[in-house]
Amino acid sequence: MALEFTSIPDRPGPAVYVLSANPPEVEHELARLGEEIDSSTPDTTQVVLLDVTRGDGLSIKEFYGLTTFPTLMIVLDDDTVYQMWTYSMPRADEVSYAVHQVYGSMNE
């Protein structure tokens, strides 16, 4: 993940961004989803929950031209979006599977 315009530390490999502008009760559900994804993906995978109304979340929202929330994105090292879900969030195992696909293609 690069996104050099953010303050998010860069690590090699895909990053999972969960972007939201939702009420606190939805934020709790998204945080739980992020934790499930984090525990089911390789340790090097970054899973970051961001508020699109400020800071890095706002910067990423503007960079990708996002308009629908919540949004979950798997972003590759070159800042391209590998997969994105908007409004209706996927299950953690779906995201984990996609992340493992990225790692598999990186090792070929």
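Up top is the structure.
A brief structural summary. (Residues numbered from 1 in each chain as written. Predicted model: local features only at pLDDT ≥ 70, side-chain atom pairs only at ≥ 80, totals over all residues. Heavy atoms only, no water.)

## Structural notes on the pairing of strand β4 (residues 81-86)
Part 1: Taken together, the five bridges between strand β3 (residues 71-75) and β4 define a ladder with antiparallel strand orientation. Note that in β4 the partner of L72 across the bridge is W85.
Part 2: Joining the antiparallel neighbours β3 and β4 is a turn of five residues, in which D79 adopts a positive phi near 75°. (Pairing = 2+ DSSP bridges. Helix = DSSP H or I, 4+ residues; strand = E, 2+ residues; numbered from the N terminus.)

## Topic: the side chain of D56
Part 1: Following the sequence through the fold, D56 ends up in helix α2 (residues 55-64).
Part 2: Residues within four places of D56 in sequence aside, it is in contact with T6, S7, I8 and L50. (Contact = heavy atoms within 4.5 Å.)

## A look at the sheet that holds β4
Note on sheets: strands pair through backbone hydrogen bonds, and any given pair is parallel or antiparallel.
Part 1: Read across the open sheet, the four strands follow the order β2-β1-β3-β4; overall the sheet is mixed. Across the chains shown, the open sheet's two edge strands, defined by having one partner strand only, are β2 (46-51) and β4. The sheet shows a mean angle of 15° between the axes of neighbouring strands, taken without regard to direction.
Part 2: Against the sheet, α2 makes contact with β1 (15-20), β2, β3 and β4, and its axis sits at roughly 95° relative to β2, the strand it touches most. (Axes fitted to C-alpha atoms, helices over the stretch in contact; angles between N-to-C directions.)

## A closer look at the packing of aromatic side chains
The description of an aromatic ring pair rests on the distance of the ring centres and on the angle between the ring planes.
Part 1: Per the stated rule, a full pass over the model turns up two aromatic pairs.
Part 2: Note on F5 and F63: the rings are 4.9 Å apart at their centroids and 40° apart in plane angle, and the pair reads as tilted. Of this pair, F5 sits in the segment before β1 while F63 sits in helix α2; the two residues are 58 residues apart in sequence, bridging distant segments of the chain.
Part 3: Accessibility expressed as a relative area gives 45% for F63, which makes it partly exposed. (Phe/Tyr/Trp six-rings, centres within 6.5 Å; stacked < 30°, edge-to-face > 60°. Buried < 20%, exposed > 50% of the residue type's maximum accessible area, 1.4 Å probe, protein only.)

## Overview of α2
Part 1: Of the residues making up α2, those classed as buried are D56, G57, I60 and Y64. Taken down its axis, α2 places every buried residue within 100° of arc, on the same side. For α2, exposure combined with an orientation more than 90 degrees from the buried face picks out G55 and E62.
Part 2: Of the residues trailing α2, G65 is marked for its positive phi of about 65°. (Arc of directions from axis to C-beta.)

## Here's the deal with a negative patch on the surface
Part 1: On the surface, a cluster of negative charge is made up of E4, D10, D77 and D78.
Part 2: By secondary structure assignment, the location of D10 is in the segment before β1. (Patch = residues over 30% accessible without salt bridge, like charges linked within 9 Å, V, L, I, M, F, W, Y side chains within 5 Å. Areas by Shrake-Rupley, 256 points an atom, 1.4 Å probe, with all protein chains shown as cover. Salt bridge = Lys/Arg side-chain N within 4 Å of Asp/Glu carboxyl O. Lys, Arg positive; Asp, Glu negative; His and termini not counted. Charge placed at Lys NZ, Arg CZ, Asp CG, Glu CD.)

## As for the nonpolar core
Part 1: Formed by 14 residues in total, the largest nonpolar core has its most connected members in Y17, L19, L50, I60, Y64 and M73.
Part 2: Elements with a minimum of two residues in this core: β1, β2, α2 and β3.
Part 3: Per element, the largest residue contribution to this core is three residues, and it comes from β1. (Core = buried A, V, L, I, M, F, W, Y, C linked by side-chain atoms within 4.5 Å.)

## Description of unusual backbone geometry
Part 1: A cis geometry characterises the amide bond from F69 onward to P70, with omega recorded as 0°.
Part 2: Within the fold, P70 resides in the loop between α2 and β3.
Part 3: In the Ramachandran plot, D79 falls in the positive-phi region, its phi being about 75° despite a non-glycine side chain.
Part 4: One can find D79 in the loop between β3 and β4.
Part 5: D79 gets classed as buried once you look at its relative accessible area, which sits at 18%.
Part 6: The backbone of Y87 sits at a positive phi, close to 65°, despite the residue not being glycine.
Part 7: On the secondary structure map, Y87 appears in the loop between β4 and α3 (92-106).

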